[in-house]
Amino acid sequence: MKTAFITGGLRGIGLGISQSLLNEGFSLALCGTREPEFVAEPLNELQRQAASGQQIRYYRCNVGEKTDRDNLLQAVRSDFPSMNVLVNNAGVGAKVRDDLLTMTEENYDWLMKINLQGPFFLTQEAARWMTESKQGNADFSACIVNISSVSATTVSL
């Protein structure tokens with residue numbers, strides 16, 4: 001069975017992606033920053049929709065933190081034999097909407113760690129795992145999808 005790993009996969013666009021991939025027969029590895037009790041409702045709904053043999057696991061992780069990412073990938077590798085799809089969906093807006101003249105380093109660093117650095121290094125490790133899987137199985141297929149937001153192209157005031 002194929003596995004999809006979706007960051008931010010239990011609300012908004014990420015939840016829609018999770019539902020679609022579940023309907024396509026994927027097992028799901030999902031991560032987010034919320035405590036498990038705060039994601040119980042969408043997680044239970046996905047479990048109810050899952051077919052026999054499909055696994056769904058939730059991992060609490062801040063993708064902007066290296067230790068969290070390392071622990072996350074170790075847990076996912078332990079729970080699933082391979083990863084066929086990585087969807088980098090988790091993202092945040094600035095804590096305070098500032099412009100070039102007023103943004104603080106703290107605000108900038110927080111935003112970049114979650115929206116850029118985290119997905120970059122998560123992709124790096126996922127690609128290594130996918131490459132290993134392909135070397136062991138010529139029929140193995142995989143892809144990495146990066147989700148962006150309107151904030152990438154639109155200024156908000």
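Preceding block: the structure.
Residues numbered from 1 in each chain as written. Predicted model: local features only at pLDDT ≥ 70, side-chain atom pairs only at ≥ 80, totals over all residues. Heavy atoms only, no water.

(A) Spotlight on the sheet that holds strand 4 (residues 85-88). The sheet built from 5 strands is open, its strands ordered 3-2-1-4-5 with parallel pairing. Unpaired on one side and paired on the other, strand 3 (56-60) and strand 5 (143-146) mark the two borders of the sheet. Adjacent strand axes in the sheet meet at a mean angle of 15° when their direction is disregarded. Sheet analysis places strand 4 next to strand 5, joined by 4 bridges and oriented parallel. Paired with L86 across the strands is I144, a residue of strand 5. On the sheet, helix 3 (residues 66-79) packs against strand 1 (3-7), strand 2 (27-32) and strand 3 and is oriented at approximately 165° with respect to strand 3. (Pairing = 2+ DSSP bridges. Helix = DSSP H or I, 4+ residues; strand = E, 2+ residues; numbered from the N terminus. Axes fitted to C-alpha atoms, helices over the stretch in contact; angles between N-to-C directions. Contact = heavy atoms within 4.5 Å.)

(B) Focus on the side chain of S27. Structurally, S27 can be placed in strand 2. Accessibility expressed as a relative area gives 3% for S27, which makes it buried. Look past the residues within four positions of S27 in its chain and what remains in contact with it is M1, K2, T3, A4, G53, Q54, Q55 and F80. (Buried < 20%, exposed > 50% of the residue type's maximum accessible area, 1.4 Å probe, protein only.)

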